[in-house]
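Secondary and tertiary structure notes
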Amino acid sequence: MTQPLRRTATMSGWGGTAASTATAVEPDSVEQIPAILKESATHRGVIARGLARSYGDAAQNAGGAVVTTDALDRILQFDAQSATIRVQPGVSLERLLQFLVPRGFFPTVIPGTASVTVGGAIASDIHGKFRHGSFCDYVETATLVTPSRGAIEISATQNPDAFWATAGGMGLTGIVTEATLRLHPIATALMRVDTTRCADVDACMEAMVDDSLGERYSVAWIDCTASGKSLGRSVLERGEHAPLDEIPANRQPDPLRYGHGMSVPGPPWAPSGLLNPLSVKAFNELWFRKTPRHPHRGYVSIPGFFHPLDLVRGWNRIYGKHGFVQYQFVVPYGQERVVRSILEQLAQHRCASFLAVLKRFETQNDGMLSFPMPGWTLALDIPVARSGLNTILDSFDEMVMQAGGRVYLAKDARVDPQRLRVMYPKLERWESIRGELDANRTMRSDLARRLGL
Amino acid sequence: MRDALGDVQSVLVLGGRSEIALATVQLMSAQRVQRVVLAVRDVASAAADAEALRSNGCAVDVVAFDATASAEVHAEFVRTVCEHTDIDLVILAFGIVGDQTVADDDVVHTLDILKTNFTGAVSVLVPVAERLARQGHGTIAVISSVAAMRPRRANFVYSASKAGLDAYASGLCDAYAGTGVHVMTVRPGFVHTRMTEGMKPAPFATNVGVVAEAIVDGIRRKRNIVYAPNILRFVMPILQNVPRVVWRKLGA
């Protein structure tokens, strides 16, 4: 067996904050993983890193080892009969889409970017505009290499504790070396999208709860700079995989052609003050105005609906050298006032949020650290180059916690560890399962250190 | 760990009775600080300061530290303090002003100032930086002084010691680039403290609160050099270029 490549590298998350330096280990086969875990047991541990789209410090490990999964990117087996696919952890969702869509299938849960790996998707139990489940609900089975129990098969029925500790477990239970995903059949590669302008946040929520369209996906882009009567004015998009008979005639001959379109690079550098309350307000005004006043229906490509931001590679750099945090929380239904109150205070503090996205969930799974729960989830991008931000966000955390909600660990870069324990009541249970899988805490990350996990 | 907004969880203060350092830690303790280590010459003297920090919910250790001890002693000290946990932030805050009039006639006093402020500081910075590089992250805030930029007749031994420290910190910052360790030089102007009591305040004199805020802000923004008050960033380059004859006449 060859030795994996090692080099020293300084890493940060997508938000570009709190970088730290570690040894990047680049295995070229999954067979090398157990040996890497063994070697790392004595020195500041190890964590896996995929495409580094978690916003905070989840996929970095100061002074320790970071296993990059770039080379572990093989599609192992596709079975149209059972609608499943078996892949290695470094396979990206973009790669999955390119492979699956022309064959008439779709990964059931897909987030706002296709630049995430299957390994990372499991570790964060990611979600998207699909409101009936998160990624791990559609993981049929996976192989997990653990420091204490070696390689084990995990699924909702086999080693279920290990499975639900790994789903959303931020990579702290071991390294997934392969996974089998359950797929959704599609007839075309187009999305039917119904777009509606909503005058305020209440109208938006009301429209989102209205199920008359029976659509599979929904998302609202909220203008966080609007206040007063138009607080939370938004553009609501509801999408469904377009059936064959609906799509335009010119797409009929090849309905499953997956267009990944063109992408342009983001700026290599941007001044820290580029995104200020004024420019953000202008952008949001434009976004709102470009949407027709009356509801309309259109047909767009899969990336056009799911991954509009992927069109600009490296858009995160627009926040300048200090970077940004994405604040995402969920509160149960009945706690809509928390969403409203946080929007109000954001407008008040002039916390320029370039992008704010409101979605909703209808289910939650048994993942002990999984984020989704039935309710509303709001995600905000906030530049960090201002003082006092932690105080503002702490007050949001408090409201969310009191409402029985939680913040999303894949986005988090600053939550108070004590509040986290209240937000995730199954955390203690998770710790005891983790103790069985990794008795000596070989799996370590900066996030784990920061939150005392 | 330091979080995305620059708040840290553990702090080591070298010179734990420094009012500037204590005010900085006080300010930070309202956020995420969980553990503070105050390294002081006389452990008993820091009891009240430690208690004040504990009341903010921090775990505080007070440990004995002699800036003029040997390099071996300093290395052992750093090993002990950092043995079981990471240190996110180290504030190097010890130093003496000394008495220039005494130093004028007494080389022993001159060397004492240099031994504490310069060689003492360097000999503890070496193992501190090595340790932070091993843990892959950390910030070192070195309290220098604007005196390092233009020595004055009235305290040039102090200025010389800070100039040495300032240059060393700047080089250390470059040497550890790419290791996760960030070294920040803090250059306060005249600060009203115990140390400067009875001295004639210089222009732009400030208080510890302003310096503490500048330090916290500098850590958050990963600044290489912080001035307090900030206006000195623009004033000092001018003063550095004042012709010597004029400088003497100014009685500086």
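All names here are of chain A. Along the chain, Glu26 falls in strand 2 (residues 20–26). As for Glu26 and Leu97, which are separated by 71 residues in sequence, their C-alpha atoms are 25 Å apart. Discounting chain neighbours no more than four positions away, the residues touching Glu26 are Pro4, Leu5, Arg7 and Thr68. At 2.6 Å, the side chain of Glu26 and the side chain of Arg7 are in polar contact.

Our focus in this paragraph is the nonpolar core. Generally speaking, nonpolar side chains in soluble globular proteins are found buried as a group. Residue and element names in this part refer to chain A. Counting 128 residues, the largest nonpolar core has Val118, Phe135, Phe329, Val339 and Leu358 as the members making the most contacts within it. It is helix 9 (residues 389–402) that provides the largest number of residues to this core, a total of six residues. Dropping the residues within four chain positions of it, Phe329 is found in contact with Val338, Val339, Ile342, Phe371, Trp376, Thr377, Leu378, Val400, Arg406 and Val407.

Let us look at the pairing of strand 8 (residues 139–146) of chain A. All names here are of chain A. Judged by how many residues are buried, strand 8 sits mostly within the fold: six of eight residues are covered. Pairing geometry for strand 8 and strand 10 (residues 175–185), over six bridges, is antiparallel. Bridge assignment links Ala142 to a residue of strand 10, and that residue is Ala179. The pairing of strand 8 with strand 9 (residues 150–154) spans five bridges and is classified as antiparallel. Looking at the pairing, Thr146 lines up with Gly150 of strand 9.

Glancing now at the pattern of salt bridges. Under the defined criterion, the tally for this structure stands at 32 salt bridges over all chains. In this structure, A:Arg419 engages A:Glu398 in a salt bridge whose closest nitrogen and oxygen atoms are separated by 2.7 Å. Here A:Arg419 is found in helix 10 (residues 417–423), whereas its partner A:Glu398 is found in helix 9, with 21 residues between them in sequence. On the accessibility criterion, A:Arg419 (18% relative accessible area) is buried. The partner of B:Asp217 in a salt bridge is B:Arg220, and the shortest N-O contact between them spans 2.6 Å. With B:Asp217 and B:Arg220 both in helix 7 (residues 208–220) and three residues apart, this pair spans about one turn of that helix. By relative accessible area, B:Asp217 is classed as partly exposed at 24%. Three or more residues are tied together by salt bridges with common partners; here these are A:Asp394, A:Asp397, A:Glu398, A:Arg414, A:Arg419 and B:Arg32.

Another point: the interface of chain A and chain B. Each side of the interface is counted separately: chain A has 27 residues, and chain B has 21 residues. The junction of chain A with chain B conceals about 1900 Å² of combined surface from both sides, 49% of it contributed by carbon and sulfur atoms. Applying the counting rule to chain A against chain B returns three salt bridges. One salt bridge in this structure joins B:Asp86 and A:Arg449, with 3.9 Å as the shortest N-O distance. The tally of links between chain A and chain B comes to 15 residue pairs in polar contact (both at pLDDT 80 or more). When residues of the side of chain A that touches chain B are traced back to their parent elements, those giving at least two are strand 2, helix 9 and helix 12 (446–451) of chain A. Take the side of chain A that touches chain B: its biggest share by element is five residues, from helix 9 of chain A.

Attention now goes to the pairing of strand 19 (residues 375–383) of chain A. Residues and elements named next belong to chain A. Counting buried residues along strand 19, nine of its nine residues qualify, which places the element largely inside the surrounding structure. Taken together, the nine bridges between strand 17 (residues 324–332) and strand 19 define a ladder with antiparallel strand orientation. Residue pairing in the sheet places Val331 in a bridge with Trp376 of strand 19. Examined bridge by bridge, strand 18 (residues 356–361) and strand 19 share six bridges and lie antiparallel to one another. Bridge assignment links Lys359 to a residue of strand 19, and that residue is Thr377.

Attention now goes to the sheet that holds strand 12 (residues 217–222) of chain A. Strands belonging to one sheet form pairs held by backbone hydrogen bonds; the direction of such a pair is parallel or antiparallel. Residues and elements named next belong to chain A. Across the sheet, eight strands lie side by side as 15-11-13-12-18-19-17-20; this open sheet has antiparallel pairing. Whereas interior strands pair on both sides, the edge strands pair on one side only; in this sheet they are strand 15 (296–301) and strand 20 (406–407). Two strands pair when backbone bridges link them, and strand 11 (residues 190–198) and strand 13 (residues 234–241) are joined in this way by eight bridges, in the antiparallel orientation. Within the sheet, the bridge partner assigned to Val193 lies in strand 13 and is Gly239.

Residues and elements named next belong to chain A. Pairing is mixed across the open sheet formed by four strands, whose spatial order is 1-2-4-3. Edge strands, defined here as strands with exactly one partner in the open sheet, are strand 1 (5–11) and strand 3 (46–49). Ignoring strand direction, the axes of neighbouring strands in this sheet form an average angle of 35°. Examined bridge by bridge, strand 1 and strand 2 share seven bridges and lie antiparallel to one another. Bridge pairing in strand 2 links Arg6 to Val25.

Rules and cut-offs
- Residues numbered from 1 in each chain as written.
- Chains lettered and ligands numbered in written order.
- Predicted model: local features only at pLDDT ≥ 70, side-chain atom pairs only at ≥ 80, totals over all residues.
- Heavy atoms only, no water.
- Helix = DSSP H or I, 4+ residues; strand = E, 2+ residues; numbered from the N terminus.
- Contact = heavy atoms within 4.5 Å.
- Polar contact = N/O pair within 3.5 Å; in protein donor to acceptor, adjacent residues only side chain to side chain.
- Core = buried A, V, L, I, M, F, W, Y, C linked by side-chain atoms within 4.5 Å.
- Buried < 20%, exposed > 50% of the residue type's maximum accessible area, 1.4 Å probe, protein only.
- Pairing = 2+ DSSP bridges.
- Salt bridge = Lys/Arg side-chain N within 4 Å of Asp/Glu carboxyl O.
- Buried area = accessible area lost by both parts, 1.4 Å probe.
- Axes fitted to C-alpha atoms, helices over the stretch in contact; angles between N-to-C directions.

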